Amino acid sequence: MDLVSTRIHSIILLFLVLSAVVEISVADVPETEPVPAPWPEQFHALMLMNKSGSLEIVDLWYDWVNGRNFNIIQKQLGKLTYDLEWNNGTSFYYTLDASRTCRTVHFEVGILRPNWLDGANYLGQRNVSGFLCNVWEKVDFLWYYEDVVSKRPVQWIFYTGREAHVMTFEVGAVLEDKKWQAPVYCFHNEKKSIE
Ligand SMILES: *[C@@H]1O[C@H](CO)[C@@H](O)[C@H](O)[C@H]1NC(C)=O
Ligand SMILES: *[C@@H]1O[C@H](CO)[C@@H](O)[C@H](O)[C@H]1NC(C)=O
Ligand SMILES: *[C@@H]1O[C@H](CO)[C@@H](O)[C@H](O)[C@H]1NC(C)=O
C-alpha cells in the first residue's frame, strides 16, 4: 500500500468511527420529560374541593401581578368564608355575615409563584375525570394533574388527602380591586380577632 491509499484508509476509518460515535450519542439522549406549564400570572378558577368527604366550592382568584390570592370558600350547606392572601405573608380569613369574624395569619412566605411547580418529578400519564393528564409530584406537598392537550390543570391532590378539582379556568381574569378589601373588623376589632 502506498502512502496515499493508507491515508485514505485512515480517513475512511476515522469517518466510520466518528459516525458511530454520533449515532450512539443521538441514541443515548433521553426523550425530554414534559414539565408543568407555569401558572398564568392572573387567572380565575372555580374549584370543587373534597377533603375526606367534606365538600367545598372554592372561587379562586390568582393575581401574581398584584401580589395577591383570594380563595372564596363555600362549605357545603355551611358558611361563606373569605381567605385573602397577600404576598407580604399576611392572610385574612373572614366572614362577611353578622358574626363578623376575622383571623389574621402571618406566614413566612407569600403566595405561590407562577413557577411554583418547577422541579416537580414527572410520573407519567393518567386518565382522570375523562382527561388524559401528565402527572407530577411535588415532594412533601402534592400530585399535580395537567391536561396533555390544553396544558390546563385538571386536579391536584395534597398529601393530606385534600383534592382540588378544577371546574373552570379563565386565564387573565382579574377580580375588581374593591373586592380585595378585608373588612374593617380585621384591623380594629381586636376582640373579634382569634389570633
Ligand atoms: C370525596 O372523597 C371521598 C374519599 O375521601 C370519597 O369517598 C367521596 O366519594 C368523594 N366525594 C365526591 C363528591 O367526590
Ligand atoms: C400586607 O399587605 C396587606 C395589603 O396591603 C396589608 O393589609 C397588611 O397589613 C400587610 N402586612 C404587613 C405585615 O405589612
Ligand atoms: C387513556 O384513555 C385512552 C382512551 O380510553 C386510552 O387509549 C389510553 O391508553 C389511556 N391512557 C392512560 C395513560 O391510561
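About the criteria used
In this convention, every chain numbers its residues from 1, walking through the sequence in written order. Going through the entries in the order they are written, you letter the chains from A and number the ligands from 1. Thresholds applied to this predicted model are a pLDDT of at least 70 for local features of residues and 80 or more for the giving and counting of side-chain atom pairs; totals over whole chains, interfaces and linings are not thresholded and use all residues. Water and hydrogen atoms were dropped before computing side-chain values, which therefore reflect all heavy atoms in the structure. The cutoff for a nearby residue is simple: one of its non-hydrogen atoms must lie within 4 Å of the molecule or strand. As used in this structure description, the phrase polar contact means that two N or O atoms lie within 3.5 Å; if the pair is within protein, one of them must be able to donate a hydrogen and the other to accept it, and residues adjacent in sequence are counted only when both atoms belong to side chains. A pair of strands is considered paired only if DSSP assigns at least 2 bridges between the two. Secondary structure is summarised from DSSP: a helix means a run of H or I of at least four residues, a strand means a run of E of at least two, and numbering begins at the N terminus for each. Axis angles are defined between N-to-C directions and span 0 to 180 degrees, where every axis is a line fitted to C-alpha atoms and, for a helix, only to the segment in contact. pLDDT is a per-residue confidence score from the predictor, ranging from 0 to 100. Pairs of residues are marked as contacts when any of their non-hydrogen atoms sit within 4.5 Å. Areas reported here follow the Shrake-Rupley algorithm with a probe of radius 1.4 Å; residue values treat only the protein chains shown as occluding. Throughout this entry, Asp, Glu, Lys and Arg are counted as charged residues, while Ala, Val, Leu, Ile, Met, Phe, Trp, Tyr, Cys and Pro are counted as nonpolar. The remaining residues, Gly among them, count as polar.

A. Just the site of ligand 2, in detail. By nearness alone, every residue bordering ligand 2 is listed as W86, N88, T90, F92 and F187. N88 places a side-chain nitrogen or oxygen 2.4 Å from an oxygen atom of ligand 2. Here T90 contributes a side-chain N or O atom positioned 2.8 Å from a nitrogen atom of ligand 2.

B. Broad picture of the sheet that holds strand 10 (residues 153–158). Pairing is antiparallel across the open sheet formed by 11 strands, whose spatial order is 6-5-4-3-2-1-11-10-9-8-7. In the strand order of this sheet, the two ends are held by strand 6 (102–106) and strand 7 (121–128), each with one partner. Ignoring strand direction, the axes of neighbouring strands in this sheet form an average angle of 20 degrees. As judged from the 5 bridges shared by strand 9 (residues 142–147) and strand 10, these two strands associate in the antiparallel manner.

C. A look at the confidence of the model for the protein. When the pLDDT values of the protein are averaged, the result is 88; 81% of them are 70 or greater. Note on residues 191–195: pLDDT is under 50 here. Beyond four places in sequence and across chains, it has 10 contacts.

D. Main features of the site of ligand 1. If you check the shell around ligand 1, you find N50, S52, G53 and L55 and nothing else. One of the side-chain nitrogen or oxygen atoms of N50 is found 2.4 Å away from an oxygen atom of ligand 1. Within the complex, 36% of the 360 Å² of free accessible area of ligand 1 lies under protein. Here the shell around ligand 1 is composed, by residue class, of 1 nonpolar, 3 polar and no charged.

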